[in-house]
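# Summary of structural features
Below are the chains, spelled out letter by letter.
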Amino acid sequence: MTPQTTQIPVSLIILDETIYPRKGIDPRRVGMFAENIRDGIAFDPIEVEPCPDRPGFYRLLDGAHRWNAYKSTGMEEVIVIIKDLDGSDPLLYAAAKAIGPKQLTEEEAKDTARRAYAQNTQLSSADIGKAVGRARRTVDGYIADLRAATQMNTDIKIFRMHSLGIPQDRMAARLGLARTSFQHHLPKMAVLPNSANADLSRGFTVAQVAEKHGWPEPMVWSLVLEGKTDHDRFKALGWGFRTWDQWEFNDCDNRFGDDWPGRIPAQLIAHILRYFSQPGDLVLDPMAGGGVTPDTCLAMGRRCWAFDMEDRPDTRPEIEPFTWEISSDQGLSWPVSAKGKPDLVLFDPPYFDKKAGEYDEKSISGLSRNDYLDFLAAFFTLLKQHVKKKTRLAFINADWRDFQNTPAMDEKHKGGILIDDYLEILNKTGWYHTHIIQAPLSSQRFTPVVVSAMQKKGILGVISRYVIVLGLNN
Ligand SMILES: C[S@@+](CC[C@H](N)C(=O)[O-])C[C@H]1O[C@@H](n2cnc3c(N)ncnc32)[C@H](O)[C@@H]1O
């Protein structure tokens, strides 16, 4: 079939360096082509594709020298073939076209191979080789270091997910690996920690080992603390242990979890784990945000399945993307079909509309008060169907009062959501609390100016936050 040609203005065509396989334009070739054009010799149409980031423009896939020649002869319109690459790599397509008339130099072939692989690590050496005109083994050599780096990366991700007890099929799907290539990584898991362990036994600190091996710090902690009791883990991590039901922590421990809106301190999670779970237990965090729960589970030797609507596959592969949403036909659905049931559920949702502007627009923080409470009721009901009889739920939330501009005297009952509203929903859906632990938010987030204005107006702020621990048996 003859490809379809179109006439378009030369000025709408650009040369995009990121998909151009050669080191530059050869002026002699352009000059020769320009002469041919003036003599009336017709060339094959040049090939372009729509520019992904400049609507209305086209980028060159084949014919950079002809295009330059057209420009130099003052032609305003040229005949082109507009290609739809349908997911094929444009750099490799351009390279395959370029080698028709003239092979790529060694430098061009290597550079193109490396750029193509860096953009898409799923490409095989054979495919790259075909495009750049080199043998598969030559391409293997061009990209060996890049491949080792990404493989290491994938191995670390698998190790982390494996340590957290995520089933193999979910790991493979999350990492976009076919079953066979996933199986290829598995045998490496047994030896992967060897060099980090060797450095630890030589006396390097956890932070040093993490940096040297490119491991997240919580993973190194999971090695160092393996086999230790919870008590010893707390000591090694420098976390004081609270004996009473008031857990106040001024700062988050930056070694665990990312900087995230509504981040909670790892020490708070660690206390919940220590009091309400056993080593090896499976912990579920349905809205895991910055990942403080999986990180703390690594340090405390618990397994963890974490979900969040925000998908960060590169830095947080263990947080599987999932949006809890009540659909009109199916209601609220469970994210996984696995048989495993959690021993502890650690649920730290957005506190009604606090930080709504900082989460995705589909976040439950965008719901009306009634819809937010209905969501919680549906969630607790669903949870009940997917846990064990003995599972504990640790629900973290704060009183929500519209205190910002209202003196305490003028605040109304209507509109707020207080701890007893949550308790009512929980009890109605079959969850009964055994503990209400106070875990106040830090008051340091209020500036002195705000505090002084609040004091003048008689505004009573909210820093109360609770961990409500519940079970299914009354
Ligand atoms: C308070 S934050 C969790 C913070 C986390 N505990 C930490 O310390 O980093 C609440 C999280 O709920 C997530 N979220 C809100 N609505 C959601 C929904 N419908 N489905 C899934 N995740 C949701 C947000 O993306 C946010 O990360």
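The preceding data block contains the structure.
Residues numbered from 1 in each chain as written. Predicted model: local features only at pLDDT ≥ 70, side-chain atom pairs only at ≥ 80, totals over all residues. Heavy atoms only, no water.

## So, the overall build of the protein chain
What counts here: Secondary structure elements are taken from DSSP: a helix is a run of H or I of four residues or more, a strand is a run of E of two residues or more, and numbering for both begins at the N terminus. Note on method: radius of gyration uses C-alpha positions; expected globular size equals 2.2 Å times residues raised to 0.38. Burial classification: accessible surface area is computed with a 1.4 Å probe over protein chains only, and a residue below 20% of its type maximum counts as buried, one above 50% as exposed, and the rest as partly exposed. Contacts are assigned to residue pairs that have any heavy atoms within 4.5 Å of one another. Reported accessibility uses the Shrake-Rupley method at a 1.4 Å probe radius. Residues are deemed covered only where the shown protein chains occlude them. In this tally Asp and Glu are treated as negative and Lys and Arg as positive; neither His nor the chain ends contributes. A charge is said to be at NZ when it belongs to Lys, at CZ for Arg, at CG for Asp and at CD for Glu.
The helix and strand tally for the protein chain stands at 17 helices and twelve strands. Taken over C-alpha atoms, the radius of gyration comes to 30 Å for the protein chain, far larger than the 23 Å a tight globule of 474 residues would show. Dimensions along the principal axes, computed over C-alpha positions, put the protein chain at roughly 90 × 60 × 50 Å. Out of the 474 residues in the protein chain, the part that is buried amounts to 47%. Long-range contacts, defined here as pairs at least 24 residues apart, represent 70% of the contacts in the protein chain between residues at least 6 apart. Accessible area of the protein chain: about 24,300 Å², with a carbon and sulfur share of 51%. Taken as two groups, the 58 positive and 62 negative side-chain charges of the protein chain have centres that lie 5 Å from each other.

## A short note on the site of the ligand
The cut-off we apply is this: Any residue with a heavy atom positioned within 4 Å of a molecule or strand is treated as near that molecule or strand. Counting of polar contacts relies on pairs of N or O atoms within 3.5 Å, with two restrictions inside protein: one atom must be capable of donating a hydrogen and the other of accepting it, and residues adjacent in sequence are counted only when both atoms are side-chain atoms. Put simply, the grid is 1 Å and covers the protein atoms alone, a cavity is a trapped set of points that fit a 1.4 Å probe, a pocket is an open set with protein on both sides within 12 Å along at least five of seven lines, and lining residues have an atom within 4 Å of a point. Assignment of a molecule to a cavity or pocket requires that more than half of its atoms lie within 2 Å of the corresponding grid points. By the convention adopted, Pro, Cys, Tyr, Trp, Phe, Met, Ile, Leu, Val and Ala count as nonpolar, Lys, Arg, Asp and Glu as charged, and the other residues, Gly among them, as polar.
Ile264, Gly290, Asp308, Trp324 and Asp348 are the nearest of the 21 residues found near the ligand. Between an oxygen atom of the ligand and a main-chain N or O atom of Ile264, the distance comes to 2.9 Å. Within the side chain of Asp308, an N or O atom sits 2.7 Å from an oxygen atom of the ligand. Starting from 610 Å² of accessible surface for the ligand in isolation, the protein chains cover 99%. Among the cavities detected, the one that contains the ligand is the largest pocket. Residues of the shell around the ligand, tallied by class, amount to twelve nonpolar, five polar and four charged.

## Description of the environment of Ile156
Within the secondary structure layout, Ile156 lies in helix H6 (residues 136-163). With a relative accessible area of 9%, Ile156 lands in the buried category. Linking Ile156 and Met219, residues 63 residues apart in sequence, is a C-alpha distance of 9.2 Å. The contacts of Ile156, once residues within four sequence positions are left out, are Leu192, His213, Gly214, Trp215, Pro216 and Met219.

## Examining the sheet that holds strand E4 (residues 58-62)
Worth spelling out the cut-off: Any two strands with at least two DSSP-identified bridges between them are counted as paired. Angles shown run from 0 to 180 degrees and are taken between the N-to-C directions of axes, each axis being a line fitted to C-alpha atoms and, for helices, limited to the stretch in contact.
The five strands are arranged E1-E5-E3-E4-E2 in an open sheet whose pairing can be described as mixed. The open sheet has two free edges, formed respectively by strand E1 (5-9) and strand E2 (13-14), since each of these has just one partner strand. Pairing geometry for strand E3 (residues 46-50) and strand E5 (residues 77-82), over three bridges, is parallel. Within the sheet, the bridge partner assigned to Glu47 lies in E5 and is Ile81. Against the sheet, helix H2 (residues 64-72) engages E2, E3, E4 and E5, with an angle of about 125 degrees to E4. Here helix H3 (residues 90-98) sits on the sheet in contact with E3 and E4, set at roughly 45 degrees to E4.

## Regarding the packing of helix H12 (residues 230-237) against helix H13 (residues 266-276)
Packed helices, taken two at a time, are described by their axes: the angle between them and the distance between them. Applicable threshold: Our angle categories are set so that under 35 degrees counts as roughly parallel, over 145 as roughly antiparallel, 65 to 115 as roughly perpendicular, and the remainder as oblique. Handedness of a helix crossing follows the sense of rotation of the near helix relative to the far helix, less than a right angle counterclockwise being left-handed and clockwise being right-handed.
Following both chains from N to C, one finds H12 and H13 inclined at 165 degrees, their axes separated by 11 Å at the closest point. As the angle between them shows, H12 and H13 are arranged roughly antiparallel. The element H12 and its partner H13 pack so that their crossing is left-handed. Only Ala270, His271 and Arg274 of H13 make contact with H12, whose side of the interface consists of Asp230, His231 and Phe234. Class assignment for the residues of the contact of H12 with H13 results in two nonpolar, two polar and two charged.

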